[in-house]
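Listed below, chain by chain, are the residues.
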Amino acid sequence: MLLTGNLKSLLPQVLRRIIRCNRLSISNTSGMAEGYKQANIVILHKSLADDFEKFCHANAGPLPLLYRSQPGDWKCPSLSSDSDIRTDCLQYRLYEYGAFTGSLKSLKEYAEQLKDMVTFYLGCSFSFEKALQNAGIPVRNVEQKCNVSMYKTSVPCYSVSTFCCNLVVTMRPIPANKLEATVLATSKLEESHGAPVHIGNPGLLGIRDLSKPDYGDPVHLQPDDIPVFWACGVTGVEAIISCRSPLAFTHSPGCMFITDLKNNEVTVGSSRKVPQVHCISQDPLHYSIVSAEAAQKIRTLENLIGIDPGDRGIIHLQRQEELLKSCLSISHARSVLITTGFPTHFAYEPPEENDGPPGAFAIAAMLQALEKDVAIVTDQRAMNLNRKIMEEAVRLGILKRPVPLLSYQKESTDSALMFLCENGNRGRPRFDHLIAIERAGMAADGNYYNARKVNIKHLVDPIDELFLAAKTISGVATTGVGDGGNELGMGKVKDAVKKYIKNGDVIACDVEADFTIVAGVSNWGGYAIACALYVLSTCEIHDRYLRKGVGFPQLSKKMVWLAALPSVPKEEKFLKALVQHGVRSGKTASLEMEVDGLPFYNTHSLMIEKLL
């Protein structure tokens, strides 16, 4: 037997000959033939080949197809000059009717059956390990001299015929300060699985224990390491199991076929296409990926809505990139709860102002277009008014269909938990993200105040409790949108509210949101969220990350998303409808513009519309 020696510097054809002679005492090919592409192998009957190729194209993240052979062809001339797939992997697996029935060092004894079988060569993440090292990023499995960790996930692949399985991923621990460099180094290496499909808590992929991989070896995290996951070609093994073919072969996970193809040096053609990494949650730890171009568009939106037309000092409340991080979090959510309603006109009926509902419905419209579940929670006394507003929104085409309208009352100490989670179980939340826009927020003394220090607590239901309870539920994030500091969620900037906003020492909301979006008018914040979600949805880098590299790009739905965007004509009609139902302006005259005699804040709607 030949011991490992300096295998990383050997040429691929030399390594294949050594493997062919069964002279290596190693268990995987990680780190071997540095700079050359390695491949996963799937061998199945020719009758299944066309469907499996379609399955690969439908799930290009885990199954980037390098080469498909003809039936009975043991060579792959476009990948290597002198190979024989029957002998050139370290180890093979035999599957019969979907069951693993043994490991093999050679397939020569199956030469007759192989005449009717097709070999698929699929990209492998071992191919990008040298690129990581060249970027100064440690590869822990190489350092620890073990196979990479591979895990089955709860993420379903796009099914084709009898090929129906979940995604398999590899995990590499990456130092937190190297995450963006890691994504950049791998994002263009699409034939080696490309950019990561998940960064952060493994539980979000359905992985329970990193120390117990389904394939490969445990790879230990160092202090400050973050688990980073790539789509894995072992997904092909799971596909073979699912189709229950009478006979199939694969490589043993980690025992790859080594090609003669070098990994090309990849340069990013445009800085706009450079991926950026942003942390969107600490509990559970979760990062998201977006292109620099999309991120800059959203920053531009944030700057637009941050103009202070009333010169109230809101510039001191603003925090950079809150809009971006909030919308990245919302884009990952499946179900969103929105609340609005500020009864500032306490002497009138209804007491609501018209800042808040248009922004809330703009967000709801985009969430509907993105096929997310969305509901609205409001005060019990305002349910009839909001039902009428909802009907108008549907009639005007702002919403495709009515949104569930809910109310919340505190009946016991666990009422908020029961509202947010099935049977009060924190492990089964009904909503992933809560959004408050121009919603009266509870001050430090337990009261609710308008900008003039008038206590309006008797008109406000304790929806703040939902935001407080959300902080105790892992995976539920919150966003607050406001323009004065007394709105729900503004507790994150309460010190600045007390210092810079008139009456801030009394009116400042004490309840924090994870993300705080401060706008000149709260409606603008709602419009910006809707527009930012559109920007993210049309970002190919972010779309791939959301899909985990499986299925097809969602850009075919772009026209549906575009139709859901807020616009000046929509908001004109909606504000007119609000006035007809007795809803008044809540802003000072200095903030108003006249549109058909009605106050309407359209300047930034026009700018947002122009930007997109």
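By the naming in an unreviewed UniProt entry, the protein chain goes by D-glutamate cyclase, mitochondrial and is assigned to Nothoprocta ornata. According to UniProt, the comment filed for the protein chain under the heading Function (unreviewed entry) is "D-glutamate cyclase that converts D-glutamate to 5-oxo-D-proline." In the Sequence similarities (unreviewed entry) part of its UniProt record, the protein chain is described as follows: "Belongs to the D-glutamate cyclase family."

Undergrad: Outline the overall build of the protein chain, supporting the account with residue identities and numerical values.
TA: Regarding its fold elements, the protein chain presents 20 helices and 22 strands. With the C-alpha coordinates aligned to their principal axes, the bounding extent of the protein chain is approximately 90 × 50 × 45 Å. By residue count, 59% of the 612 residues in the protein chain fall in the buried class. Taking as baseline every contact in the protein chain between residues at least 6 positions apart, the subset at least 24 positions apart corresponds to 75%. Roughly 24300 Å² of accessible area belongs to the protein chain as shown, and the carbon and sulfur atoms make up 50% of that amount. Taking the 66 positively charged and 65 negatively charged side chains of the protein chain as two groups, their mean positions are separated by 4 Å.

Undergrad: How would you sum up the state of the cysteines? Please name residues and give values.
TA: One pass over the full model with this rule turns up zero disulfides. The cysteine cysteine 279 is free of any disulfide, with cysteine 327 supplying the nearest cysteine sulfur at 16 Å. With a relative accessible area of 25%, cysteine 279 lands in the partly exposed category. As a non-bridged cysteine, cysteine 539 has cysteine 327 as the owner of its nearest cysteine sulfur, 13 Å distant.

Undergrad: Go over the sheet that holds strand E13 (residues 275-282), please, and point to the residues and values.
TA: Strand order in the open sheet formed by seven strands is E9-E6-E7-E10-E8-E14-E13, with antiparallel pairing between adjacent strands. The sheet is open, and its two borders are formed by strand E9 (215-216) and E13, each paired with just one other strand. Here two bridges tie strand E8 (residues 198-200) to strand E14 (residues 285-291), and the two strands are oriented antiparallel to one another. Opposite glycine 200, over in E14, you have histidine 286 as the bridge partner.

Undergrad: Explain the domain arrangement of the protein chain residue by residue, including any values.
TA: For the protein chain, the assigned domains read domain 1 (12-262) and domain 2 (275-611). Centre-to-centre, using C-alpha coordinates, domain 1 lies 44 Å away from domain 2. On the domain 2 side, the residues contacting the 28 residues of domain 1 number 15 residues. Counting the surface lost from both domain 1 and domain 2, the interface buries some 1800 Å², and carbon and sulfur atoms represent 68% of this.

Undergrad: How would you explain the packing of helix H10 (residues 357-369) against helix H19 (residues 568-580) if you had to name every residue and give the values?
TA: Look at H10 against H19: their axes get within 10 Å of each other, and the N-to-C directions meet at 130°. Considered as vectors, H10 and H19 are oriented oblique to each other. Note on packing geometry: the crossing formed by H10 with H19 is right-handed. Contacts between H10 and H19 involve Pro357, Pro358 and Phe361 from the former and Glu571, Phe574, Leu575 and Leu578 from the latter. For the contact of H10 with H19, the per-class residue count stands at six nonpolar, no polar and one charged.

Undergrad: Please give an account of H19 that cites residues and values.
TA: One turn of an α-helix holds 3.6 residues; hence residues three or four places apart share an orientation. With 13 residues, H19 should reach 18 Å at 1.5 Å per residue; the first-to-last C-alpha distance of 18 Å fits that figure. Three or more residues of H19 are buried, namely Val568, Lys570, Glu571, Phe574, Leu575, Ala577 and Leu578.

Undergrad: Let's hear about the pattern of salt bridges: which residues, and what values?
TA: All chains considered together, the criterion is met by 30 salt bridges. Aspartate 88 is the salt-bridge partner of arginine 20, the closest N and O atoms lying 2.8 Å from each other. Within this pair, whereas arginine 20 is found in helix H1 (residues 12-20), its partner aspartate 88 is found in the loop between strand E2 (65-68) and strand E3 (92-96), the two being separated by 68 residues in sequence. Given the relative accessible area of 1%, aspartate 88 is considered buried. Ionic pairing is found between lysine 557 and glutamate 371, a salt bridge with its closest N-O pair at 3.4 Å. Here the residue lysine 557 occupies a position in the loop between helix H17 (540-547) and helix H18 (558-564), and glutamate 371 occupies one in the loop between H10 and strand E16 (373-378), the gap between them amounting to 186 residues. Look at lysine 557 and you get partly exposed, because its relative accessible area is 26%. Among the ionic contacts, a cluster of salt bridges with common partners joins Arg16, Arg17, Asp82 and Asp260.

Undergrad: Please set out the sheet that holds strand E20 (residues 515-518) residue by residue, giving values where relevant.
TA: Taken together, six strands build an open sheet; the order of strands is E17-E16-E15-E18-E19-E20 and the sheet is parallel. Each of the sheet's edge strands pairs with one partner strand only, and the pair in question is strand E17 (405-407) and E20. Across this sheet, the average inter-strand angle for adjacent strands is 25°, counted without regard to direction. In terms of strand pairing, strand E15 (residues 335-341) meets E16 through five bridges, oriented parallel. Counterpart to threonine 339 in the pairing with E16 is valine 377. Most of the contacts of helix H9 (residues 322-332) go to E20, to which it runs at about 125°, and overall it touches E15, strand E18 (433-439), strand E19 (477-482) and E20. Against the sheet, H10 makes contact with E15, E16 and E18, and its axis sits at roughly 165° relative to E15, the strand it touches most.

Undergrad: For the confidence of the model for the protein chain, give the residues involved together with the corresponding values.
TA: Residues at a pLDDT of 70 or more form 93% of the protein chain, whose mean pLDDT is 91. In the model, residues 588-604 has pLDDT below 50 throughout and makes 40 contacts with residues more than four positions away in sequence or in other chains.

Undergrad: I'd like to hear about the pairing of E19, residue by residue, with values.
TA: Along any regular strand the residues' side chains alternate between the sheet's two faces. Across the six residues of E19, six count as buried, placing the element largely inside the fold. Residues Ala477, Thr479 and Val481 line one face of E19 and the alternating positions Thr478, Gly480 and Gly482 line the opposite face, and both faces are buried. Chirality of the crossover, the property in question, places the unit of E18, helix H13 (residues 464-470) and E19 among those that are right-handed. One ladder, built from four bridges, connects E19 with E20; its direction is parallel. Residue pairing in the sheet places glycine 482 in a bridge with valine 518 of E20.

Cut-off values and rules
- Residues numbered from 1 in each chain as written.
- Predicted model: local features only at pLDDT ≥ 70, side-chain atom pairs only at ≥ 80, totals over all residues.
- Heavy atoms only, no water.
- UniProt positions renumbered as here; feature names shortened; annotations may be inferred.
- Helix = DSSP H or I, 4+ residues; strand = E, 2+ residues; numbered from the N terminus.
- Buried < 20%, exposed > 50% of the residue type's maximum accessible area, 1.4 Å probe, protein only.
- Contact = heavy atoms within 4.5 Å.
- Areas by Shrake-Rupley, 256 points an atom, 1.4 Å probe, with all protein chains shown as cover.
- Lys, Arg positive; Asp, Glu negative; His and termini not counted.
- Charge placed at Lys NZ, Arg CZ, Asp CG, Glu CD.
- Disulfide = S-S within 2.5 Å.
- Pairing = 2+ DSSP bridges.
- Domains from an automatic or database assignment.
- Buried area = accessible area lost by both parts, 1.4 Å probe.
- Axes fitted to C-alpha atoms, helices over the stretch in contact; angles between N-to-C directions.
- Parallel < 35°, antiparallel > 145°, perpendicular 65-115°, else oblique.
- Left-handed = near helix turned anticlockwise from the far one by under 90°.
- Nonpolar A, V, L, I, M, F, W, Y, C, P; charged D, E, K, R; others polar.
- Expected span 1.5 Å × (residues − 1).
- Salt bridge = Lys/Arg side-chain N within 4 Å of Asp/Glu carboxyl O.
- pLDDT = per-residue confidence, 0-100.
- Right-handed = clockwise from strand over helix to strand, strands pointing away.

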